[in-house]
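Structural features, examined
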Amino acid sequence: MTASGSGGIDRRSATWLGIAGVLLLALGGRTGVAALSPLATEIELDVSLNGLWLGLLGTIPPLAYAVAGLYTPRLTRLLGLEGVAIAVVVVTTLAHLARGLAPSYAGLFTATVALMLGVGSLNVILPGLVKLYAPAHIGRVTALYSTAMAISTALPAGVGWWLADGFGWRIALGSWAAISIVAALPWLVLTPFIRRRAARDRALLGELPAVPKLGALRHSPTALSITLIFAASGLSAYSVFALLPPVLIDQAGATPAEAAIALTLFSIMGLPMSLTIPLLAVRPKWPSRLVVLAAVSSVSGYLGLVIAPAAAPLVWTVLAALGTLTFSMSLALIGARTKTPQMATDVSGFVNTVGYLFAGIGPIVTGFLHEVTGVWEPSLLLLAGLTALVLP
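Below is a short write-up of the structure. Quick caveat: nothing in here was measured; it's all calculated off a predicted structure. (Residues numbered from 1 in each chain as written. Predicted model: local features only at pLDDT ≥ 70, side-chain atom pairs only at ≥ 80, totals over all residues. Heavy atoms only, no water.)

A few words now on the side chain of S328. When you line up the elements, S328 lands in helix α15 (residues 326-336). Those residues in contact with S328 that lie beyond four places of it in its chain are T142, S146, M273, S274, I277 and P278. (Helix = DSSP H or I, 4+ residues; strand = E, 2+ residues; numbered from the N terminus. Contact = heavy atoms within 4.5 Å.)

If you want it as structure tokens, here you go:
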């Protein structure tokens, strides 16, 4: 760890507590995103939640993440990285509980906005926290926390349904606050250590330039490169989640069950990539190799769905999933290519804002093309072309 101090906690203990805090934050980070849709039928018995309203809830995450990228770097200058982490825990805990107690769609919508803004701030600070507490192990810790995020995305589909079946959908939605509460514990234990370090950090921040404006970072080759690969992975992932089932049903003659299996395979691919890609991304010469692998895989997968969708739909799905490996890669590069935790947070804010705007636009554009043309080929070719842009 780069910072030192006492306050009853030695440097080694503080490092492990900080890493534990990062992993717990990541483990609770995406539960709210995936918790709603599996319970939609149950929720609709009490709260109006037809396809349109459910779709509106689905647009919140990428937009909220993009907005959070604008203000979170400034918050970290005010509260510190750990202060923002505790604020995120408070906001997400209350938002999870509010979703479980929501009496109407308006309450559910408002609580979801608050929850996603909290998660958006979490996305921004995680690379900075890794840079602060594990600067010599950025690849390893990033691999662990991105895997924890992948688990938190998959967990609600099974556990949430089981909770709803036994205790009702309100308990199922609100219970995810428990992970947020547990995630606060390492940061609360670290409070004496953080206070002893605060004076020195304030002096250091006073010497740093002001938080770069969004437009200023467009002149940074590092920020632009990371943003490009992050945006490409986000656009591809969000688009595939939206269009893969109907593409396989319409183009490959798959049944809804087979399309669901393919989408599950696409999701599961995130786990091995999260574990391995950050470790490779921080090694010399590997980033460019990984970018080429991602681009070639994406283009091959999308072209396969255009040219011979029924020939090997699961192969095309795996190739499309490999194209999103640049997501965990970009998380590792934010920490590895910046000098200080605050700089990592500033770049992370820029990357999240621009990247998630593109991610949110992807499903809208591909869906619009399908509405206009009546076929999926133009949407798939567009995705192939856009993902090819990351080639060095």
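What follows covers the environment of T366. Within the secondary structure, T366 sits in helix α16 (residues 341-373). For the pair T366 and V130, spaced 236 residues apart in sequence, the C-alpha to C-alpha distance is 35 Å. Excluding anything up to four places from it in sequence, T366 contacts S239, L243, W376, S379 and L383.

Under the criterion given, the structure shown has three cavities of 30 Å³ or more. Here the largest cavity defines a volume of roughly 80 Å³. Together, 13 residues line the largest cavity, and L25, G28, T92, L122 and S180 are the ones closest to its centre. Taken together, the elements giving at least two residues each to the lining of the largest cavity come down to α1 (11-29), α4 (51-101), α5 (105-133) and α8 (177-189). Considering only residue class, the lining of the largest cavity consists of eight nonpolar, five polar and no charged. Reported here for the second largest cavity is a volume of approximately 60 Å³. In terms of lining, the second largest cavity is formed by R30, N123, L126, P127, Y145, M149, F230, F327, L331, N352 and Y356. (1 Å grid on protein atoms, 1.4 Å probe; cavity = no way out; pocket = protein on both sides within 12 Å on 5 of 7 lines; lining within 4 Å. Points joined across faces, edges and corners; volume = space filled by probe spheres on them. Nonpolar A, V, L, I, M, F, W, Y, C, P; charged D, E, K, R; others polar.)

At K285, a position not held by glycine, the phi torsion is positive, near 75°. Following the sequence through the fold, K285 ends up in the loop between α12 (270-281) and α13 (286-307).

Looking now at the environment of R195. Examined against the element boundaries, R195 turns out to sit in helix α9 (residues 191-207). For the pair R195 and S121, spaced 74 residues apart in sequence, the C-alpha to C-alpha distance is 22 Å.

Before going further, it helps to examine the nonpolar core. If you look at the biggest cluster of nonpolar residues, it comprises 103 residues, and the most contacted ones within it are L25 and L129. If you tally residues by element for this core, the top one is α5, at twelve residues. (Core = buried A, V, L, I, M, F, W, Y, C linked by side-chain atoms within 4.5 Å. Buried < 20%, exposed > 50% of the residue type's maximum accessible area, 1.4 Å probe, protein only.)

In this section: the packing of aromatic side chains. Counted under the stated rule, the structure contains eight aromatic pairs. Measuring from centroid to centroid gives 6.4 Å for W162 and F167, while their planes differ by 80°, and the two rings are edge-to-face. Summarising the burial analysis for this pair, W162 and F167 share the class exposed. With a centroid separation of 5.2 Å and an interplanar angle of 80°, the aromatic rings of F230 and Y356 are classed as edge-to-face. Placement of F230 in helix α10 (residues 221-251) and of Y356 in helix α16 is noted, with a sequence separation of 126 residues between them. Pairwise contacts between aromatic rings join Y65, F230, Y238, F327 and Y356 into one cluster. A cation over an aromatic ring shows up here: R289 above the ring of W286, its NZ or CZ 5.2 Å from the ring centre. (Phe/Tyr/Trp six-rings, centres within 6.5 Å; stacked < 30°, edge-to-face > 60°. Lys NZ or Arg CZ within 6 Å of the ring centre and 35° of its normal.)

Our next topic: the packing of helix α6 (residues 138-167) against α12. Interaxial distance between α6 and α12 falls to 7 Å at its minimum, and their mutual angle equals 165°. As judged from the angle between their axes, α6 and α12 are roughly antiparallel. Our pair here, α6 against α12, has a crossing hand that is right-handed. Within the contact between the two elements, α6 uses G139, R140, T142, A143, S146, T147, A150 and I151 and α12 uses L271, S274, L275, P278 and L279. Classifying every residue of the contact of α6 with α12 by side-chain character gives seven nonpolar, five polar and one charged. (Axes fitted to C-alpha atoms, helices over the stretch in contact; angles between N-to-C directions. Parallel < 35°, antiparallel > 145°, perpendicular 65-115°, else oblique. Left-handed = near helix turned anticlockwise from the far one by under 90°.)

Remember, this is a structural readout, not a statement about activity or role.
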